[in-house]
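Coordinates in review
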Amino acid sequence: MQVSPLRTALILIVAVLGMLFTIPNFLSKETLASWPDWLPKQTMTLGLDLQGGSHLLLQVNRESIVAERIKELRRDARSILANDNGIGNIITTGTDSITIELTDPTQLEAAKTALQALQNTVSNSLFAVSGVRELAFSDSPDGKIVIALTPEGISERMSSLVSQSIEVVRNRIDELGTTEPSIQRQGTDRLLVQVPGFGDSTRLKDIISRTARLTFHLVHPTMMAAQAEAQGIPSGYMILPSADGGNELINEQVELGGESLVDSQPSFDQQTSRSVVTFKFDTRGAIAFGEITSKNVGKRFAIVLDNQVITAPVIQQAITGGSGQISGNFTTQSANDLAVLLRAGALPATLDIVEERSVTASLGADSIRGGVLAGIISAISTLAFMLIAYGLFGVFANIALLLNIVLIVGLLSMLGATLTLPGIAGIVLTMGMAVDANVLIYERIREERAAGKSIIASIDAGFSRAMSAILDSNVTTLIAAIVLFFLGSGPVQGFAVTLALGILTTLFTAYFVTKFVVSAWYRWRRPKELRVQLVRFIPDHTKIPFMAWRKYAIAFSLAASILSVGWFAINGMNLGIDFKGGSAIEVQSLRGPANPALIRERVGALDLGDVQVQGFGEETDLLIRIELQPGGDAAQDAAVEKVRQAIAADQYEIRRTESVGPTVSGELAFAGLIGLSVALLGILAYLWFRFEWQFAVGAVVSTFHDVILTIGLFAVTGIEFNQSSIAAILTIVGYSLNDTVVVYDRVREYMRKYRKISLTELLDLAVNSTLTRTVLTGPTSFFALAALVLFGGEVIRSFTISMLFGVLVGTYSSIFIAAPILIYLRLKSRPEASEDPAKEKRADGAAV
């Protein structure tokens, strides 16, 4: 019970630092500006679901990269063979290769040697010693040469293009004047863009995803596009669509590219009274532009943007000033957006939007209010419960709990972590679970005191002997949180971060802080008697024959599991767009309660396929779900816009939109399955290491039972199953194992003590001895989750309801599944007990 000065200093330093890092979150920007420089100013970043904004996941389009590269190879191969070496050839293109047929097969070796100049090595790393060969050459004796892109080369080029795209996208977003955008690489071919406070996701998508590749081409002087389509396209020319609805036959040769631009601005043409976009070249571009226009006076000159001819005017005279303008059917905003794109530069590749989420600021504010209210209710109920249950020792636990919350917020601030709505749920859940460690310690102190030990010996033994169960139970939950972080995304990762940090701070506060406070109290008061528990919810010396009921409990669980699996197999689950793709649109009525039937009629008339309209939280809110539309992202955007227009007349506004493509939905489903499997394997390995193999198998079987029943809950009730539901299941796994490990830890202890009693008696003894802890911990978690269900908002309601169910099922399974299964696995007592079991049984009988 002696606390070293070093430990005291550590506790004080950690507590002070936690408060210093927490305080800036509650200060205004003006106050923080005057905050001393040596004090921390870092605050938590609110996620998009709390402050509003747009989230886009973009993927490099593989087909467009291959098509563009094949086009370049065809042009370069023709130039090398015909222009530089005088070798006649006919080139045909395939999906990822070109085939060159020589008019004179005897020139095969010369052609092969000349074409080696096309070979290129690509690498995404600046520090790579050697790159990957991009091309593979093959030939045949009849004078044919095939040049193909290698799969490795394509992958490296895609990875390299993502790196180049990051800077272009950042420049474009900066031009919009937004604050603190987040642009991150994901994997080898994806880019994650999050822009807080920018709710117009349609405009953001248009700004980000357009390639904006500006090129200048000469139009065929005599032949029209329609003639070329009928008679055949001349060599070296191509047909592109025009902005006016027609087609143009233009030269493949790029006379000048947008990389020479130094400025672009929206403007207004006084003669036509239309918006235009002006541009200005650098010195090299101005000289080239002047030469091209002077040599081609009287010819049409096409300005092409992303493979569409914007305009193709006739060159009236040489343009030597290095500037010009692009005219078309521009609005003021579209002219401004095009100028932004041209200033920021062209994307090196086409980026497809595979996932989109946007939240309005008003919905974010509602989420914050709901989360904070749930947190306050959870904190008050947990503090009150501990005070009622343990009196003065409850005060000690509450001091540790309050410091625990401060440390979580401080760590999130120090790390610059993003706080999401599920993250708030993680903090609230931590409040309910944090007292578990204190309950274990306090109940152990009571047992040691009842066994006849002195007050100081009881306190010391309570902390030391409870630590094994506390550590094991929290490590299993930590494994689930780590898996969730690496395999989850967005808000789910926010929940994993707060859950993991909460586990670490709980271990610190429960053991170090609580022990420090109790020790200080003991040295100050020197009590003659120790009253740990104030109100007894469970009487002492319970002898409930749980193992005698095991057959009925197992039969019930088997029946419930079979029903869950059967219902799931027949009816499936109400899958959210995370797993089946499509769009979800949350709308709010501006004039009283929403009318689902009216909105269903309005949206149903749009011919968008399967449409669902349902109430969502408040009576003014509705959730509209539409299936994936054929035609890709553009068609999905158009469908969302149709819905927006259809409901606008009835005074409904869109508060949140989410769109998930088929690629991402499949990946999320696979990641969820992998995450659950990895978590169970990790927990199995840890428990096998810490206990015997029977304990590990029993824990996994018990956990599978909880997972199956939770899936049955989703299947029977029709609650939406989305990505947060995977987070809920993994958290249930951790919570259930928390209960199970506490029981198993006591079983392991009693196995060393009681070698002569039967395993059935030993298991009853272990479960009864931990019953008070189970009953006292359950309500705190229940109160926390109930507050989230009632006040946390509809967005996370499926998560909180399933968690609430999981708490009940986890408590049940730790008693009636995890413990009895050890009997069927033929667990035997360890032979190395060192103390007299009969004596220990008599001594511990009173405690139990």
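Here's a quick rundown of the structure. (Residues numbered from 1 in each chain as written. Predicted model: local features only at pLDDT ≥ 70, side-chain atom pairs only at ≥ 80, totals over all residues. Heavy atoms only, no water.)

1. Some details on the pairing of strand 4 (residues 97–102)
The condition that has to hold: The pairing criterion is simple: DSSP has to find at least two bridges between the two strands. Counting from the N terminus, the helices are DSSP H or I runs at least four residues long and the strands are E runs at least two residues long.
Examined bridge by bridge, strand 3 (residues 89–93) and strand 4 share 5 bridges and lie antiparallel to one another. Residue pairing for strand 4: Ile91 is matched across the bridge by Ile100. Summarising the sheet, strand 4 and strand 8 (residues 144–149) pair through 5 bridges and their orientation is antiparallel. Bridging from a neighbouring strand, Glu101 pairs with Lys144 of strand 8.

2. With respect to the packing of helix 22 (residues 723–753) against helix 24 (residues 771–791)
Rule in force here: Axis angles are defined between N-to-C directions and span 0 to 180 degrees, where every axis is a line fitted to C-alpha atoms and, for a helix, only to the segment in contact. These descriptions rest on fixed angle ranges, namely under 35 degrees for roughly parallel, over 145 for roughly antiparallel, 65 to 115 for roughly perpendicular, and the rest for oblique. Rotating anticlockwise by less than a right angle from the far helix to the near helix defines a left-handed crossing, while the corresponding clockwise rotation defines a right-handed one. Contacts were defined at the residue level, with two residues in contact if any of their heavy atoms lie within 4.5 Å. Three classes are used, and their members are as follows: Ala, Val, Leu, Ile, Met, Phe, Trp, Tyr, Cys and Pro are nonpolar, Asp, Glu, Lys and Arg are charged, and the others, Gly among them, are polar.
Closest axis-to-axis distance for the helix 22/helix 24 pair is 11 Å, and the angle between their directions is 165°. Judged by the angle between their axes, helix 22 and helix 24 are roughly antiparallel. For the crossing formed where helix 22 meets helix 24, the hand is right-handed. In this structure, helix 22 contributes Tyr735, Asn738, Asp739 and Val742 to the contact, and helix 24 contributes Arg773, Thr777, Gly778 and Ser781. Looking at the contact of helix 22 with helix 24, its residues break down into 2 nonpolar, 4 polar and 2 charged.

3. Description of the pattern of salt bridges
This is how it is decided: We count a salt bridge whenever a side-chain nitrogen from Lys or Arg sits within 4 Å of a carboxyl oxygen from Asp or Glu. For every residue, the accessible area (1.4 Å probe, protein chains only) is compared with the maximum for its type, and the residue is labelled buried under 20%, exposed over 50%, or partly exposed between those bounds.
Per the stated rule, a full pass over the model turns up 26 salt bridges. Close ionic contact of Glu72 with Arg69 constitutes a salt bridge, the shortest N to O distance being 3.2 Å. A residue pair is termed a helical-turn pair when its members lie 3 or 4 positions apart in one helix, as Glu72 and Arg69 do in helix 4 (residues 62–84) at 3 residues. Accessibility expressed as a relative area gives 10% for Arg69, which makes it buried. Between Lys112 and Glu109 there is a salt bridge whose closest N-O contact spans 3.6 Å. Residue Lys112 and its partner Glu109 are both found in helix 5 (residues 108–115); the two are separated by 3 residues, about one turn of the helix. Owing to a relative accessible area of 25%, Lys112 belongs among the partly exposed residues under this scheme. What you see here is one network of salt bridges that share partners, running through Arg444, Glu447, Glu448, Lys453, Arg465, Arg746, Glu749 and Lys753.

4. Details of the environment of Lys71
Mapped onto the elements of the fold, Lys71 is located in helix 4. Sequence separation between Lys71 and Thr93 is 22 residues, and the spatial gap between their C-alpha atoms is 8.3 Å.

5. Some remarks on the sheet that holds strand 2 (residues 53–60)
What the 8 strands build is an open sheet, ordered 9-10-2-20-25-22-24-23; its pairing is antiparallel. Single-partner strands in this sheet number two, and they are strand 9 (182–186) and strand 23 (611–616). Going from strand to strand, the sheet's axes swing by 20° on average, the running direction of each strand aside. Where strand 22 (residues 582–589) and strand 24 (residues 618–626) come together, 6 bridges link them in antiparallel fashion. Bridging across to strand 24, Ala584 finds its partner in Arg625. Helix 7 (residues 201–209) contacts strand 2, strand 10 (190–196), strand 20 (351–359) and strand 25 (652–660) of the sheet and is inclined by roughly 30° relative to strand 2.

6. Some remarks on the packing of aromatic side chains
Pairs of aromatic rings are described using the distance from one ring centre to the other and the angle between the two planes. Rules: Note on aromatic contacts: the rings of Phe and Tyr and the six-membered ring of Trp form a pair at centre separations within 6.5 Å, being stacked when their planes are under 30 degrees apart, edge-to-face when over 60 apart, and tilted otherwise.
Applying the stated criterion across every chain yields a total of 23 aromatic pairs. Centroid distance Phe393 to Tyr442: 5.3 Å. Interplanar angle 90°. Geometry classified as edge-to-face. Taken together, the residues span a long stretch of sequence, with Phe393 in helix 12 (residues 392–414) and Tyr442 in helix 13 (residues 421–450) at a distance of 49 residues. For the pair Phe393 and Tyr442, one class covers both residues: buried. Seen in terms of ring centroids, Phe463 and Tyr511 are 6.3 Å apart; in terms of plane orientation they differ by 75°. Their pairing is edge-to-face. A residue pair is termed long-range when its members are at least 10 positions apart, and Phe463 in helix 14 (residues 455–487) and Tyr511 in helix 15 (residues 491–525) qualify at 48 residues.

7. So, the environment of Gly371
Residue position: Gly371 is located in helix 11 (residues 361–390). Classification of Gly371 as buried rests on a relative accessible area of 2%. Sequence spacing of Gly371 and Asp764 is 393 residues, and the spatial spacing of their C-alpha atoms is 41 Å. Contacts of Gly371, omitting those with residues within four sequence positions, involve Ile424 and Phe791.

8. A look at the pairing of strand 20
Taking burial as the measure, the 9 residues of strand 20 include 8 buried ones, the bulk of the element. Where strand 2 and strand 20 come together, 8 bridges link them in antiparallel fashion. If you follow Gln59 over to strand 20, its bridge partner there is Asp352. Inspection of the sheet shows strand 20 paired to strand 25 by 5 bridges, in the antiparallel sense. From the neighbouring strand, Val359 faces strand 25, where its bridge partner is Arg656.

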